[in-house]
Amino acid sequence: RGSGIRFVVIGSENTVGKWLNGGRRGHGLNYRCFAQQFVGGPVGPGQRNFYEQTLLLGEVIYDDITSQLNELAQAEGIDQATIRYGENKAYDRMVEEASVRCQRRLANIVRCIARCSLRPICISGGNEDILGLGYGVHLGRTIARGTTTNLTLGNLDCHGDYKSLEERGAHSGNGFSFLNAIGCLKKYAVLGLTPYENREAMMERLITTNCWYRFLDDITVIGATGRPTLYQTVVDMTRALETDGGEVPGLCVDIDVTEDLPTVSCPATLGLTRLQVHELTQEFTRYNKPFFLLIAEGMPDPHTPLNEGVNRTLGKYQSTLVSCFLTNCISVPHI
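The text that follows walks through the structure, step by step, so that each part is easy to find. Computed from a prediction, not measured in an experiment: that's the story for all the values here.

With that settled, the discussion passes to the overall build of the protein. Counting secondary structure elements, the protein contains 11 helices and 8 strands. Here the C-alpha atoms of the protein give a radius of gyration of 19 Å, agreeing with the 20 Å that 2.2 N^0.38 yields for 335 residues. Its C-alpha atoms give the protein principal-axis dimensions of about 55 × 50 × 45 Å. Expressed as a percentage of the 335 residues in the protein, the buried residues total 54%. A fraction of 76% describes how many contacts in the protein between residues 6 or more apart in sequence connect residues 24 or more apart. Carbon and sulfur atoms make up 49% of the accessible area of the protein, which amounts to about 14,300 Å² in all. For the protein, the centre of its 32 positive side-chain charges and the centre of its 36 negative side-chain charges are spaced 7 Å apart.

In this section: the sheet that holds strand S3 (residues 119–124). With parallel pairing, the 8 strands of this open sheet are ordered in space as S2-S1-S3-S8-S7-S4-S5-S6. Single-partner strands in this sheet number two, and they are strand S2 (54–59) and strand S6 (212–215). Here the average twist between neighbouring strands, direction ignored, is 15°. Examined bridge by bridge, strand S7 (residues 248–254) and strand S8 (residues 292–296) share 5 bridges and lie parallel to one another. Looking at S8, one finds that Val253 is bridged to Ile295. Packed on one face of the sheet, helix H2 (residues 30–39) meets strand S1 (7–12), S2 and S3 and runs near 155° to S2. Here helix H8 (residues 200–208) sits on the sheet and contacts strand S5 (185–193) and S6; the angle it forms with S6, its principal contact strand, is near 140°.

Take the environment of Gly298 next. With respect to the element layout, Gly298 can be found in the loop between S8 and helix H11 (309–329). Residues in contact with Gly298, not counting those within four places in the same chain, are Asn30, Ser124, Gly125, Ile255, Thr263, Leu314 and Gln318.

For the pair helix H4 (residues 63–76) and helix H5 (residues 89–115), interaxial distance at closest approach is 9 Å and the crossing angle is 170°. Here H5 runs roughly antiparallel to H4, going by the angle between their axes. Taken together, the residues of H5 that come into contact with H4 (itself represented by Asp64, Ile65, Gln68, Leu69 and Leu72) are Ala90, Tyr91, Met94, Val95, Ala98, Arg101, Cys102 and Arg105. Tallied by class, residues from the contact of H4 with H5 come to 9 nonpolar, 1 polar and 3 charged.

Below, the discussion takes up the pairing of S7. Most of S7 sits inside the fold, with 6 of its 7 residues counted as buried. Judged from the 6 bridges that link them, strand S4 (residues 151–156) and S7 form a sheet pairing that is parallel. Directly across from Asn155, in S7, lies its bridge partner Cys252. Regarding topology, helix H10 (residues 274–288) serves as the crossover connection from S7 to the parallel S8, and that connection is right-handed.

Definitions and limits used
- Residues numbered from 1 in each chain as written.
- Predicted model: local features only at pLDDT ≥ 70, side-chain atom pairs only at ≥ 80, totals over all residues.
- Heavy atoms only, no water.
- Helix = DSSP H or I, 4+ residues; strand = E, 2+ residues; numbered from the N terminus.
- Rg over C-alpha atoms; globule rule 2.2 N^0.38 Å.
- Buried < 20%, exposed > 50% of the residue type's maximum accessible area, 1.4 Å probe, protein only.
- Contact = heavy atoms within 4.5 Å.
- Areas by Shrake-Rupley, 256 points an atom, 1.4 Å probe, with all protein chains shown as cover.
- Lys, Arg positive; Asp, Glu negative; His and termini not counted.
- Charge placed at Lys NZ, Arg CZ, Asp CG, Glu CD.
- Pairing = 2+ DSSP bridges.
- Axes fitted to C-alpha atoms, helices over the stretch in contact; angles between N-to-C directions.
- Parallel < 35°, antiparallel > 145°, perpendicular 65-115°, else oblique.
- Nonpolar A, V, L, I, M, F, W, Y, C, P; charged D, E, K, R; others polar.
- Right-handed = clockwise from strand over helix to strand, strands pointing away.

What follows is the structure in structure tokens.
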């Protein structure tokens, strides 16, 4: 803290959490894709200040965990690029165990960051990392404050990510469910759901646990039909997350909520524009001043240089979302 650092950016891409949820494995390039554009980005009015207070810590290493999967796959003749869950029970179990170990490692790192009142920003390959990030913040702030500190979480996402804990262990579709089961998630709100991406059973879990949610069909971007606009909905979302206690607020932006963005793990059937996601992130961070941020599901094209084409677009997009967070939270005092 004496160095003037206020924010710490880390990368996390373990490749197993998305596979358990039926998504595509990443290639370990997401954080580097972001960092190239963030570091080389323009410095506008007021931005130099937050650059000077932001530490790019690097990527969490999971190679020792995933190497065991590689050894099993080689011994069993398994093609990890094509295998599906349920085709090899021994492999399934090892992936489930690996996913939990990855989240524990991430949580331990984040705990140290949050304990020092530094604000963590995670550039993640999959939304399963909300488990490690959220739990790490919970532990770190509890230690720092000397009292149990729980979370309120907002999520911009076309998926509710509130699936059953019995389904395939810890994965990108049930991180928020795990935080709720652990007992450290006080309130959860998700904006941007689409009807084709969310099953009835998961929606029932959102309802029975009093979570706030909105489908894109429930809102409008122009306000001409009598339905609330996206920006009015952010205000409603903020009110839904209000508590009387000392909970720590956080924001997750799952960029697969963005339409026509090819470099994501699980593209949505319908979605928001990049400008709309940017403005929603801007409004949420302005109203809520979240302590931590997760940008999830980026998946750069491994055949394109990181500073070119779709990868350059992805890196710049993630950088602008992080800049929204930094701009609106830079004035918040240490807690």
